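Working through the structure, step by step
Here are the chains, one letter per residue:
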Amino acid sequence: MANLFATKSLTSLLSEAGETGEHSLKRTLGVFQLTALGVGAVIGAGIFVMSGLGASMAGPGLMLSFVLSGTGCAFAALCYAEFAAMIPLAGSAYTYAYATLGELFAWIIGWDLTLEYAMGASTVSSGWSNHFIELLEIFHLRMPLWLAYDHWTGLRIAENVIARQMAQASDASLVPGTQAFLTKVADIMSAQSPDLLQRAHELLNAPHLFGYEIGVNVPAFMIALVITAILAVGIKESARFNSTIVVIKVAVVLFVIGLGFRYVNFSNWGHDWSSFAPNGFAGIGAAAAYIFFAYIGFDAVSTTAQEAKNPQRDLPIGIILSLLICTALYILVAGVLTGMVPWRDVNIEAPIARAFLDRGLSGASHIITLGALAGLTSVMLVMLLGQTRVLYSMAKDGLLPAKFFAAVHPKWRTPWKNTILVGLIAAIVGSITPIDDIGRMVNIGTLLAFVIVCIAVMVLRSTNPGQPRPFRTPWVPLVPILGILFNGYMMIRLGKWNWIRLVLWLAIGLVVYFTYSVKHSKVQALEGSSK
């Protein structure tokens, strides 16, 4: 009978962390590269999009919403930092759970991280495709809808285009992007009139295969393959590419802040609490729950622990510094947006770009599109990087086939086989699947990882109080408990269908665990030999 809660000893973990040679991962990342990975994972298109709906909830108080969301992430980040410095191995929350809560919990969180990273990368590849299409349109280039989107998304886009035309034809006073306009468009689309459907299929103009319309998101497929190739060639090359992209997108964000501040009308921020937070603290809290997901990704820094030059010092710095940088940029962007535009007039769909377009600054809106494209490129790279390192760690422990998932290329020093597999899956899923629902699953998976890491810190403080800790989470157990409460509350807010999907995904994972992993586990083998 297997001991499902057998833990992996810290001695064994630290021994693995000291491995060298052509079959181990290459330690090449410094503070700058680690911080860039964190910033690269967090700042995507969300900073240019999520702020719109957030402003409609919180008004100018959106700035405080970003503070609240950042604080919630900070609780988890401080817990991640202690583990990353203490156990400098690839695997992130999976490895930390193995050392504290046991193999079954480690498997659950490893399987859960697969959902976060691989499906997250697929979601981001589709988002990248949308911005790439916007960039092409700047140069008056257009792709057929059936080559720019999967079939279902392409048809929905076509319906949306026709519905917008019908909305404007019905009421010329409606301003595109406003809540009234979007409500009218939603009403037309929900009615699904024969005229709407016919015109949408004509606009889609998709070829047929076996009598069915087809659609393939070619840009999403290609960018996933390009990122995969970069990751397979080497961690140093991947980090250099990511750092370059991060510099570009941070420069774009700073450009938006600098140029936008010149157009800020301070009276738009209000003159008292009721005008600063028109919906009170409830509105600020609701916006914080929504924009919280703009922060997801900083935990991916810990998956590169085995490739950091000085992980005990550099990993905590990289995790915490990247979160601080992103929070500061988010707050400044929120301040500029709500200062440029009265909060009731903020465009929901493209808030930042529309704020500049309304002032005749079309060039600035093009730069914002470029920044969003760069942002999503680095997000995808870090997500795929995190996924491959988690699979590598699980395979090293025997929970997945080691000959494939833990195979390290002798020259590139990367887990190249599992990198190629993960990249292909992300490319295929992102190119043919409407992944809105899968994208929502990513959020609940990430929050579960945050909660488990917060629990694990308290457990390890109890079971191994004397173990050297290069970085210590302050105010334990207060900080971990706050992390559990805050992130657990966010999980509850996601609704029952996300919980159902999570349970189904974990059920599939348990089938894999009990049919393969438990029989090949190295920890279980040690347990058996010691009896």
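Refer to the structure above for everything that follows.
Let me sum up the structure you'll find in this document. (Residues numbered from 1 in each chain as written. Predicted model: local features only at pLDDT ≥ 70, side-chain atom pairs only at ≥ 80, totals over all residues. Heavy atoms only, no water.)

1. Here we look at empty space enclosed by the protein
Test applied: Of the grid points, spaced at 1 Å and generated over the protein atoms alone, those admitting a 1.4 Å probe that cannot get out make up cavities, while open sets with protein on both sides within 12 Å along at least five of seven lines make up pockets; any residue with an atom within 4 Å of a point is treated as lining. Grid points are joined across faces, edges and corners, and a volume is the space filled by probe spheres set on the points. Only Asp, Glu, Lys and Arg are considered charged in this grouping, and only Ala, Val, Leu, Ile, Met, Phe, Trp, Tyr, Cys and Pro are considered nonpolar; every other residue, Gly among them, is considered polar.
For the coordinates displayed, the defined rule picks out 2 cavities of 30 Å³ or more. Approximately 80 Å³ is the volume found for the largest cavity. Every residue lining the largest cavity is counted, 13 residues in all, and those nearest its centre are Lys8, Glu16, Leu89, Ala90 and Ser393. The class makeup of the residues in the lining of the largest cavity is 6 nonpolar, 3 polar and 4 charged.

2. What about helix H17 (residues 362–396)?
The condition is simple: Secondary structure elements are taken from DSSP: a helix is a run of H or I of four residues or more, a strand is a run of E of two residues or more, and numbering for both begins at the N terminus. To estimate how far a helix should reach, multiply one less than its number of residues by 1.5 Å. Only protein chains enter the calculation, and the probe is 1.4 Å; a residue is then buried if its accessible area is under 20% of its type maximum, exposed if over 50%, and partly exposed in between.
Under the 1.5 Å per step criterion, the end-to-end length of H17 is 52 Å for 35 residues, consistent within 8% with the ideal 51 Å. For H17, the tally of buried residues reaches 29 of 35 residues, placing the bulk of the element in the interior. Where H17 terminates, the next one or two residues include Gly398, which has phi positive at roughly 90°.

3. Points about helix H22 (residues 496–520)
Let me state the cut-off plainly: The term bend refers to the angle at a residue between two fitted axes, each drawn through seven residues, those ending there and those starting there.
Counted at 1.5 Å a residue, the expected span for H22 with its 25 residues is 36 Å, and the 35 Å between its end C-alpha atoms agrees. By the largest-angle criterion, Tyr513 marks the main kink of H22, which is about 50°. The complete set of buried residues in H22 reads Asn498, Leu502, Leu506, Gly509, Tyr513, Ser517 and Val518.

4. Focus: unusual backbone geometry
Omega for the peptide link from Val476 to Pro477 comes to 10°, which places this bond in the cis form. Take Pro477: it is sitting in the loop between helix H20 (436–463) and helix H21 (478–493). For Gln192, which is not glycine, the phi dihedral falls at a positive 50°. Structurally, Gln192 can be placed in the loop between helix H9 (179–191) and helix H10 (194–204). In this structure, Phe210 takes a positive phi of about 55° despite not being glycine. Mapping Phe210 onto the fold places it in the loop between strand E1 (208–209) and strand E2 (212–213).

5. Quick word on the packing of helix H12 (residues 235–261) against H17
Which entries qualify depends on this criterion: Here the axes come from fitting lines to C-alpha atoms, over the contacting stretch only for helices, and the angles between their N-to-C directions go from 0 to 180 degrees. Take the far helix as your reference; a near helix turned counterclockwise from it by less than a right angle gives a left-handed crossing, and one turned clockwise gives a right-handed crossing.
At their nearest, the axes of H12 and H17 sit 9 Å apart, and the two run at 145° to each other. Relative to H17, the crossing made by H12 is left-handed. Across the contact of H12 with H17, the residue classes break down as 17 nonpolar, 6 polar and 2 charged.

6. Observations concerning a nonpolar patch on the surface
Quick reminder of the rule: Each patch is built from residues that are more than 30% exposed by relative accessible area and take part in no salt bridge. Like charges join if they lie within 9 Å; nonpolar side chains (Val, Leu, Ile, Met, Phe, Trp, Tyr) join within 5 Å. Accessible surface area values rest on a Shrake-Rupley calculation with a 1.4 Å probe, where residue burial reflects the displayed protein chains alone. By definition here, a salt bridge exists when the distance from a side-chain nitrogen of Lys or Arg to a carboxyl oxygen of Asp or Glu is within 4 Å.
A contiguous nonpolar surface patch, about 520 Å² in accessible area, is contributed by Val216, Val218, Met222, Ile420, Leu424, Ile428 and Ile432. Contributions of two or more residues to the nonpolar patch are made by helix H11 (218–233) and helix H19 (416–432). Looking at the nonpolar patch, the element that brings in the most residues is H19, giving 4 residues. Among the secondary structure elements, Ile420 is positioned in helix H19. Judged by relative accessible area, Ile420 falls into the partly exposed class, the value being 36%.

7. Examining the environment of Leu391
Examined against the element boundaries, Leu391 turns out to sit in helix H17. A relative accessible area of 9% places Leu391 in the buried class. When the C-alpha atoms of Leu391 and Ile348 are compared, they prove to be 38 Å apart, with 43 residues separating the residues in sequence.

8. Overview of the nonpolar core
Filter applied, for reference: Here the nonpolar core consists of buried residues drawn from Ala, Val, Leu, Ile, Met, Phe, Trp, Tyr and Cys, with membership extended through side-chain atoms lying within 4.5 Å. The contact criterion used throughout is that any non-hydrogen atoms of two residues lie within 4.5 Å.
In this structure, Phe48, Tyr80, Phe298 and Phe356 are the most contacted members of the largest nonpolar core, which totals 143 residues. In terms of residue count, H17 provides more of this core than any other element does, 17 residues in total. Leave out the neighbours within four places in its chain, and Tyr80 touches Ser92, Ala93, Tyr96, Phe298, Asp299, Ser302, Ile319, Ala449, Phe450 and Val453. One finds Ala167, Phe181, Val185 and Ile188 within the second-largest nonpolar core, a separate group that totals 11 residues.

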